[in-house]
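# Understanding the architecture of this molecule
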Amino acid sequence: MLSTAEIGIDLGTANILIYSKSKGILLNEPSVVAYNTETQSVVAVGKEAKEMVGKTPRNIIPVRPLRDGVIADYDMTTQMLKEFMKKVSRKSGVSMRKPTVVICTPSGSTSVERRAIHNAVKSYGAKQVHLIEEPIAAAIGSDLPVDEPVANVIVDIGGGTSEVAIISFGGVVSCRSIRTGGDVMDEEIIQYVRKAYNILIGERTAENIKMEIGYSLIDHQEEKMDVRGRDMVTGLPKTIEISSPEIQSAIKESLEQLLETIRATLEDCPPELSGDIVDFGVTLTGGGSLLKGMQEWLANEISVPVHMASNPLESVAIGTGRSLKMIQKIQKAAK
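Given the structure is predicted, the values throughout are model-derived calculations rather than measurements.

Rules of the game
Along each chain, numbering runs from 1 in the same order as the chain's sequence is written. pLDDT decides what is reported in this predicted model: residues at 70 or higher carry local features, side-chain atom pairs at 80 or more are listed and counted, and totals for whole chains, interfaces and linings draw on all residues regardless. Side-chain calculation: all heavy atoms of the structure are included, whereas hydrogens and water are not. A run of H or I in DSSP counts as a helix once it spans at least four residues, and a run of E counts as a strand once it spans at least two, with each numbered from the N terminus. Residue burial is assigned from relative accessible area. The probe radius is 1.4 Å, only protein chains are included, and a residue is buried under 20% of its type maximum, exposed over 50%, and partly exposed in between. In this analysis, two residues are considered to be in contact whenever any of their non-hydrogen atoms come within 4.5 Å of each other. For two strands to pair, DSSP has to find at least two bridges joining them. Here, axes are lines fitted to C-alpha atoms. For helices the fit covers the stretch in contact, and angles between N-to-C directions go from 0 to 180 degrees. In a helix, the anticipated span is given by 1.5 Å times the number of residues less one. Put simply, a salt bridge is a Lys or Arg side-chain nitrogen that is within 4 Å of an Asp or Glu carboxyl oxygen. Each nonpolar core is a collection of buried residues, namely Ala, Val, Leu, Ile, Met, Phe, Trp, Tyr and Cys, held together in the definition by side-chain atoms within 4.5 Å. For patch building, the residue pool is restricted to those with more than 30% relative accessible area and no salt bridge; the joining distance is 9 Å between like charges and 5 Å between nonpolar side chains (Val, Leu, Ile, Met, Phe, Trp, Tyr). For the area figures, the Shrake-Rupley method with a 1.4 Å probe applies, and any residue is considered shielded solely by the protein chains shown. Convention used here: angles under 35 degrees read as roughly parallel, angles over 145 as roughly antiparallel, angles from 65 to 115 as roughly perpendicular, and any remaining angle as oblique. Should the near helix be turned anticlockwise from the far one by less than a right angle, the crossing is left-handed, and should it be turned clockwise, the crossing is right-handed. Side-chain classes follow a simple rule in which Ala, Val, Leu, Ile, Met, Phe, Trp, Tyr, Cys and Pro form the nonpolar group, Asp, Glu, Lys and Arg form the charged group, and the remainder, Gly included, forms the polar group. Per-residue confidence from the prediction method is given by pLDDT, with values spanning 0 to 100.

Position of Gly286 among the secondary structure elements: in the loop between β17 (282–285) and α10 (294–302). Under the relative-accessibility criterion, Gly286 is labelled buried at 7%. Placed 127 residues apart in sequence, Gly286 and Gly159 show a C-alpha to C-alpha distance of 8.2 Å. Setting aside its immediate chain neighbours within four residues, Gly286 contacts Asp156, Ile157 and Pro312.

Below, the discussion takes up the sheet that holds strand β18 (residues 306–308). In space, the five strands of this open sheet follow the order β13-β12-β11-β17-β18, with mixed pairing throughout. Two strands lie at the open edges of the sheet, namely β13 (171–178) and β18, each paired on one side alone. The average angle at which neighbouring strand axes cross in this sheet is 20°, direction not considered. Packing of helix α9 (residues 271–280) onto the sheet brings it into contact with β11 (152–157), β12 (162–168), β13, β17 and β18, and relative to β12 it is tilted by some 115°.

Right, let's get into helix α5 (residues 182–197). Spanning 16 residues, α5 covers 22 Å between terminal C-alpha atoms, matching the ideal 22 Å at 1.5 Å per step. Three or more residues of α5 are buried, namely Gly182, Asp183, Met185, Asp186, Glu188, Ile189, Ile190 and Val193.

Here the structure, examined in full by the defined rule, presents 16 salt bridges. Of the charged contacts, one joins Asp183 and Arg64 as a salt bridge, the two residues approaching to 3.2 Å between their closest N and O atoms. With Asp183 in helix α5 and Arg64 in the loop between β6 (60–63) and β7 (66–67), this pair connects stretches of sequence that are 119 residues apart. Under the relative-accessibility criterion, Asp183 is labelled buried at 17%.

Taken in spatial order, the three strands line up as β5-β4-β6 in an open sheet, and their pairing is antiparallel. Edge positions in the open sheet fall to β5 (41–45) and β6, since each of these has one partner strand only. Across the sheet, the mean angle from the axis of one strand to that of its neighbour is 30°, orientation sign disregarded. Sitting on the sheet, helix α2 (residues 74–92) is in contact with β4 (33–36) and β5, with an inclination near 55° to β5.

For the rest of this paragraph, the subject is the nonpolar core. Judged by nonpolar contacts, the single largest core of 40 residues is most densely connected at Ile201 and Met294. Ranked by residues supplied to this core, first place goes to helix α8 (residues 252–267) with five residues. In contact with Met294, other than residues within four places in its own chain, are Ile157, Ser216, Leu255, Leu258, Leu284, Gly288 and Ser289. Core analysis: the next-biggest nonpolar cluster, separate from the first, contains 25 residues, Ile9, Ile18, Met76 and Ala126 among them.

Because each turn of an α-helix spans 3.6 residues, side chains separated by three or four positions in sequence point in the same direction. By the criterion of burial, helix α4 (residues 134–141) is predominantly enclosed, with eight of the eight residues buried. Just beyond α4, the residue with positive phi is Asp143, at close to 65°.

Turning to a nonpolar patch on the surface, a few remarks are in order. Taken together, the side chains of Leu290, Met308 and Leu313 define a hydrophobic patch exposed on the protein surface, amounting to about 250 Å² of accessible area. Positionally, Leu313 belongs in the loop between β18 and α11 (315–322). Leu313 sits in the partly exposed class, given a relative accessible area of 45%.

Take Ile318: it is sitting in helix α11. The class for Ile318 is buried, based on a relative accessible area of 12%. Linking Ile318 and Ile140, residues 178 residues apart in sequence, is a C-alpha distance of 7.7 Å.

Turning next to the packing of α2 against helix α3 (residues 111–122). As a packed pair, α2 and α3 sit with axes 9 Å apart at the nearest point and diverge in direction by 40°. The angle between α2 and α3 places the two elements in the oblique class. At the point where α2 passes α3, the crossing takes the right-handed sense. Residues Tyr74, Thr78 and Leu81 of α2 pack against Ala116, Asn119, Ala120 and Val121 of α3. Of the residues in the contact of α2 with α3, the class split is five nonpolar, two polar and no charged.

Residues with a pLDDT of 70 or more make up 94% of the protein chain, whose mean pLDDT is 89. At the level of individual helices and strands, the protein chain shows its lowest average pLDDT in helix α12 (residues 327–334), which scores 58, and its highest in helix α7 (residues 244–250), which scores 97.

On to the packing of α8 against α10. Axis separation between α8 and α10 bottoms out at 11 Å; the angle between their running directions is 50°. It follows from the interaxial angle that α8 and α10 lie oblique. When you trace α8 past α10, the crossing you get is right-handed. Between α8, through Leu255, Leu258, Leu259, Ile262, Arg263 and Leu266, and α10, the contact on the second element is made entirely by Met294, Trp297, Leu298, Glu301 and Ile302. Split into classes, the residues belonging to the contact of α8 with α10 amount to nine nonpolar, no polar and two charged.

In structure tokens, the structure reads:
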């Protein structure tokens, strides 16, 4: 017997997660759609589509319809959501007919961007759509006591955006959002390899380099990795060896921007809540927080305790699902 769903969706730039209170995470797949330009149809979504990036014939184009945490291609996002909902319905036995959906939006998004997200989910056939700010969802999913009058500081480093927020009593006290995240770091690695070695690499290779030998700005034992790409002089494939300090210097600018954003948010904190931050510290979440040494580096720089969320990749999705019972309270606080 299929049950109608109350679900939370983390509509991320890099990954889409769908969460159900009864069954937990139902889906966690890359936000990629492979599209056939001749037949105007979707060929693949999620993992299958991501594997096609940089490897398809001309008529099939892998597209990332979400950029910087918001919808860049409305039609593709709607198509992708439909495909994911079908997949979830088949695999989990949870009916996706007229679900009640809570979906998160970046705190810096405009009303037009929020409306696009709302409409994309509504057009799938959702019964009700509630929007919740991403930092609040991340805090709920990280088991922080967001509805209590204490300062909960959340640093959510995603693919397209990084958000820093101080949350107290169910609402955002101070918040900063920058369009710097994992994608920008990947781009910086691509540019570095291009300038330093005259080698062209793709997004997937850059992401692998970041995950394997990427470090935040801490001292560490040097690691090396073989990287394959196209030589821009000869046009032929070539393998080079790259070291972790090189990658560290390539992504330094993004990391410093993130640190500056955290400092600026903490400076905006009311004095009464500052004491709580010294006691309870800062919680890291999002895929970008998994960069090696991130916790240690931030703790040294801001001189307050830095904790890692128990499940950084899934905390936003879990928070959107759990927030259904808190949604009225959160919306009142936001007014």
